[in-house]
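Here's the letter readout for the chains.
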Amino acid sequence: MIKTDIIIIGAGPTGLFTVFEAGLLKLKCHLIDALPQPGGQCSELYPKKPIYDIPGFPEILAGDLTKNLLEQGKQFEPGFTLGERAETIEKQEDGSFIVTTNKGTKHQAPVVAIASGLGSFEPRKPQIENLLDYEDKGVEYMIKEPEMYRNKNVVIAGGGDSALDWSIYLSDVAKSVTLVHRRNEFRGHLDSVEKVQELKNEGKINLITPAEVTNIFGNGKVEAIEITKSGEAPAIVETDHFIPLFGLSPKLGPIANWGLEIEKNAIKVNNALDYQTNIPGIFAIGDGNYYPGKLKLILCGFHEATIMCQAAYKIINPGKKFVLKYTTVSGIDGFDGTRKEAPKAVVQAIN
Ligand SMILES: Cc1cc2nc3c(=O)[nH]c(=O)nc-3n(C[C@H](O)[C@H](O)[C@H](O)COP(=O)(O)OP(=O)(O)OC[C@H]3O[C@@H](n4cnc5c(N)ncnc54)[C@H](O)[C@@H]3O)c2cc1C
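Residues numbered from 1 in each chain as written. Predicted model: local features only at pLDDT ≥ 70, side-chain atom pairs only at ≥ 80, totals over all residues. Heavy atoms only, no water.

- The name given to the chain in an unreviewed UniProt entry is Ferredoxin--NADP reductase, with Seonamhaeicola aphaedonensis as the source organism.
- For the record of the chain, the UniProt heading Catalytic activity (unreviewed entry) holds the text "2 reduced [2Fe-2S]-[ferredoxin] + NADP(+) + H(+) = 2 oxidized [2Fe-2S]-[ferredoxin] + NADPH".
- As recorded by UniProt, the Sequence similarities (unreviewed entry) comment attached to the chain reads in full: "Belongs to the ferredoxin--NADP reductase type 2 family." (UniProt positions renumbered as here; feature names shortened; annotations may be inferred.)

As structure tokens, this is what we get:
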């Protein structure tokens, strides 16, 4: 059982900034995300796009914003359960909540912050009859630990950046990499397409287009797949892994069954006060909440996270008075023992 002060469901920009604001109040956070990496939409959908409306940053790449948020929160030592979807929530007699993931990992805290954005990103799966029989037995929809493919035969399917980038990366790690795509053209960045072509010419990637994976064979785990190339008879290719990378689509998913009030496909919150839901102790912040006038913008998620943390403090420390201090005055005491000092001039001016 992982115990913490605030369980944050969703490690998008809102969830990541919550770690920092909670840390200032000496509250510890643990984040759960269905994706294998933090950053939410910023890292999954547009890491290389510049964002122009983050206060104080005239321009910042979405991927760099994620990196900065992780850096800013690091001093408060957040825990992460990545690649797992929060599935159930149970209220305990002492008022705390237990959140369990689809892989059975349990987390307990007095406060839950749902920062689930557009929802849990679920993989788009190819139409192969026996696909589900081989899930986690050689069929993977996202790559969490590239090292597990070392010296293995790998077949990747897809035509976007993920399929291209992982084929390039694994060509240095795996015994063999076969990339299968149903068209001759790829949707990814031109430099990635060119790199795949180069690796194909060097014999490091076996590129098969236009083609689809149409069957899987194996005794309890993937041992071979059938590839059907347009206009040709199906061919059997021996492999240890089949990785379809057809993109991810967000779904509100299991959270919709938690007894929370839902409006416009989002979780209704009390925006006049603290972004609490209809269940006391459960908050919803960022793109995943709804209130009149809601804007699905990163800076709005940051604001909501800040207000929400103050309310969480009161739940976790009943009766304790909280005095808001500027970080320029108080400095920051990290949970990792680091201290960021307040500049003396500011301290004197305030005193
Ligand atoms: C192409 C594009 C460009 C954009 N440009 C801008 C811009 O210029 N400026 C701006 O302000 N905004 C922009 N946005 C919107 C911005 O990305 C969102 O407002 C922001 O990502 C919301 O952050 P969030 O943390 O609330 O949610 P998200 O980023 O959606 O993160 C939510 C996370 O929760 C996880 N999750 C959901 N349910 C579960 C569950 N049950 N279990 C585990 N994990 C779960 C998801 O996997 C996801 O990682 C853009 C969006 C897109 C798609």
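Moving on, there is more to tell.
## Observations concerning the overall build of the chain
Okay, step 1: If you tally the helices and strands in the chain, you get eight helices and 25 strands.
Okay, step 2: Principal axes of the C-alpha set define a box for the chain whose edges measure 80 × 45 × 40 Å.
Okay, step 3: Burial analysis of the chain (351 residues in total) assigns 48% to the buried set.
Okay, step 4: For the chain, the share of sequence-separated contacts (at least 6 apart) that also reach a separation of at least 24 residues comes to 57%.
Okay, step 5: Accessible surface, the chain: about 17,800 Å² in total, of which carbon and sulfur atoms supply 51%. (Helix = DSSP H or I, 4+ residues; strand = E, 2+ residues; numbered from the N terminus. Buried < 20%, exposed > 50% of the residue type's maximum accessible area, 1.4 Å probe, protein only. Contact = heavy atoms within 4.5 Å. Areas by Shrake-Rupley, 256 points an atom, 1.4 Å probe, with all protein chains shown as cover.)

## Topic: the sheet that holds strand S10 (residues 111–114)
Okay, step 1: Spatial strand order, S6-S3-S2-S10-S22: five strands in an open sheet with parallel pairing. Edge positions in the sheet fall to strand S6 (79–82) and strand S22 (282–284), since each has one partner strand and no second. Mean inter-strand twist for the sheet, computed between neighbouring axes without regard to direction, equals 20°.
Okay, step 2: The pairing of S10 with S22 spans three bridges and is classified as parallel. Within the sheet, the bridge partner assigned to Ile-114 lies in S22 and is Ala-284.
Okay, step 3: Sitting on the sheet, helix H1 (residues 13–24) touches strand S2 (6–9), strand S3 (29–33) and S6, and the angle it makes with S3 is about 175°. (Pairing = 2+ DSSP bridges. Axes fitted to C-alpha atoms, helices over the stretch in contact; angles between N-to-C directions.)

## Quick word on the site of the ligand
Okay, step 1: Near the ligand, the surroundings consist of 31 residues, among which Asp-33, Gln-41, Tyr-46, Ala-86 and Asp-287 are the closest.
Okay, step 2: Side-chain polar atom of Thr-14 to an oxygen atom of the ligand: 3.0 Å apart, as the coordinates give it.
Okay, step 3: Between the ligand and Tyr-46, the relevant distance is 2.5 Å, taken from an oxygen atom to a side-chain nitrogen or oxygen of the residue.
Okay, step 4: In isolation the ligand has 1,000 Å² of accessible area, and contact with the protein removes 87% of it.
Okay, step 5: Of all the secondary structure elements, the ones that give two or more residues to the shell around the ligand are H1, S3, helix H2 (40–44) and strand S11 (120–123).
Okay, step 6: Classifying every residue of the shell around the ligand gives 15 nonpolar, 10 polar and six charged. (Near = heavy atom within 4 Å. Polar contact = N/O pair within 3.5 Å; in protein donor to acceptor, adjacent residues only side chain to side chain. Nonpolar A, V, L, I, M, F, W, Y, C, P; charged D, E, K, R; others polar.)

## So, the nonpolar core
Okay, step 1: In this structure, Ile-6, Ile-9, Val-112, Ile-114 and Met-308 are the most contacted members of the largest nonpolar core, which totals 55 residues.
Okay, step 2: If one sorts the elements of this core by residue count, helix H6 (residues 298–316) sits on top with nine residues.
Okay, step 3: Counting 18 residues, the second-largest nonpolar core is a separate cluster that includes Ala-163, Leu-170, Val-196 and Ile-205. (Core = buried A, V, L, I, M, F, W, Y, C linked by side-chain atoms within 4.5 Å.)

## Looking at the environment of Gly-23
Okay, step 1: In this structure, Gly-23 sits in helix H1.
Okay, step 2: Along the primary structure Gly-23 and Gln-75 are separated by 52 residues, whereas in three dimensions their C-alpha atoms are 8.3 Å apart.
Okay, step 3: In contact with Gly-23, other than residues within four places in its own chain, are Phe-76 and Phe-335.

## Things to note about a nonpolar patch on the surface
Okay, step 1: Residues Leu-295, Leu-297 and Leu-299 make up a contiguous nonpolar surface patch of roughly 230 Å² in combined accessible area.
Okay, step 2: The exposure class of Leu-299 is partly exposed, given its relative accessible area of 34%. (Patch = residues over 30% accessible without salt bridge, like charges linked within 9 Å, V, L, I, M, F, W, Y side chains within 5 Å. Salt bridge = Lys/Arg side-chain N within 4 Å of Asp/Glu carboxyl O.)

## Details of the packing of aromatic side chains
Okay, step 1: The final tally for this structure, using the stated rule, is six aromatic pairs.
Okay, step 2: Consider the rings of Tyr-275 and Tyr-291, whose centres lie 5.6 Å apart with planes at 55°: the pair is tilted. Placement of Tyr-275 in the loop between strand S21 (266–268) and S22 and of Tyr-291 in the loop between strand S23 (289–290) and H6 is noted, with a sequence separation of 16 residues between them. For the pair Tyr-275 and Tyr-291, a shared accessibility class is recorded, and that class is buried. (Phe/Tyr/Trp six-rings, centres within 6.5 Å; stacked < 30°, edge-to-face > 60°.)

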